[in-house]
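# Structural features, examined
Listed below are the residues making up each chain.
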Amino acid sequence: MAISFVRIDDRVIHGQLMTRWAKERPCDGIVAIDDAVAADPLLSQVMKGAVTDVKVWLFDTQTAIAKLPKVIASEKKYFVIAKSPVTLENICKAGIDIQNLNNNIIVGPMSARANTVTIGSNQCVNPEEIAAFDYLTTLGHQIDFRL
């Protein structure tokens, strides 16, 4: 299976990703998906600079839908990281299967924003995100809230 790890994290890519998660679940590359990050050249450069050991791709949602089938067909192992569960919901609704080794989605920080409720330490969700998590669980994904 080409996807070894799926994560939702509003920081998208950061140092702990490689110091903690890459040791627990080694990967050959990281596919980060977020429309705003992909559209911002400076932010994209910063995100890519946070990782030195593996290749990083930053895609908007539509590009990810087009490219993920090739990633999934690969024999290499990839992390898939999205800033929001809504992004993963849209990818799944487009017919992309993001199943991974344990078929779980690890949820990291989701900072407080307008119209959110706090569900855990540094984990806040809005109604659209709650609906996205519900949808992802109907596909058999286990949602694991872990900072």
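Going by the structure above, here's the rest.
This write-up is about the structure you can find in this document.

Here is what the cut-offs are and how they apply
- Residues numbered from 1 in each chain as written.
- Predicted model: local features only at pLDDT ≥ 70, side-chain atom pairs only at ≥ 80, totals over all residues.
- Heavy atoms only, no water.
- Helix = DSSP H or I, 4+ residues; strand = E, 2+ residues; numbered from the N terminus.
- Rg over C-alpha atoms; globule rule 2.2 N^0.38 Å.
- Buried < 20%, exposed > 50% of the residue type's maximum accessible area, 1.4 Å probe, protein only.
- Contact = heavy atoms within 4.5 Å.
- Areas by Shrake-Rupley, 256 points an atom, 1.4 Å probe, with all protein chains shown as cover.
- Phe/Tyr/Trp six-rings, centres within 6.5 Å; stacked < 30°, edge-to-face > 60°.
- Lys NZ or Arg CZ within 6 Å of the ring centre and 35° of its normal.
- Core = buried A, V, L, I, M, F, W, Y, C linked by side-chain atoms within 4.5 Å.
- Axes fitted to C-alpha atoms, helices over the stretch in contact; angles between N-to-C directions.
- Parallel < 35°, antiparallel > 145°, perpendicular 65-115°, else oblique.
- Left-handed = near helix turned anticlockwise from the far one by under 90°.
- Nonpolar A, V, L, I, M, F, W, Y, C, P; charged D, E, K, R; others polar.

### Describing the overall build of the protein
Of the regular secondary structure elements, the protein holds six helices and eight strands. Relative to the globule expectation of 15 Å for 147 residues, the C-alpha radius of gyration of the protein, 14 Å, shows essentially globular dimensions. Here the C-alpha coordinates of the protein stretch approximately 35 × 30 × 30 Å along the principal axes. Residues classed as buried in the protein amount to 48% of the 147 residues present. A separation of at least 24 residues holds for 73% of the contacts in the protein among residues at least 6 apart in sequence. For the protein, the accessible area works out to roughly 7,300 Å², and carbon and sulfur atoms hold 52% of it.

### Quick notes on the packing of aromatic side chains
Evaluated as defined, the whole model comprises three aromatic pairs. Relative to F79, the ring of F5 has its centre 4.7 Å away and its plane inclined at 50 degrees; by these criteria the two rings are tilted. Here F5, found in strand 1 (residues 3–8), pairs with F79, found in strand 4 (residues 78–82); they are 74 residues apart in sequence, far enough to count as distant. As far as burial versus exposure is concerned, F5 and F79 are alike and both buried. Above the ring of Y135, the side-chain terminus of K93 is found at 5.0 Å from the ring centroid.

### Re the nonpolar core
V31, L68, V80, L88, I91, I98 and I105 are the most contacted members of the largest nonpolar core, which totals 24 residues. Mapped onto this core, the elements with two or more residues apiece are strand 1, strand 2 (29–33), helix 4 (61–73), strand 4, helix 5 (85–93), strand 5 (104–107) and helix 6 (127–138). F5, A32, M47 and V54 belong to the second-largest nonpolar core, a separate cluster that totals 16 residues.

### Digging into the packing of helix 5 against helix 6
Close contact between helix 5 and helix 6 brings their axes to 8 Å; oriented N to C, the two are set at 45 degrees. As summarised for this structure, helix 5 and helix 6 are arranged oblique, according to the angle between their axes. Crossing hand, helix 5 versus helix 6: left-handed. From helix 5, P85, V86, L88, E89, C92 and K93 reach across to helix 6, where they touch E128, E129, A131, A132, F133, Y135 and L136. Looking at the contact of helix 5 with helix 6 residue by residue, the classes come out as nine nonpolar, no polar and four charged.

These figures capture arrangement, not role.
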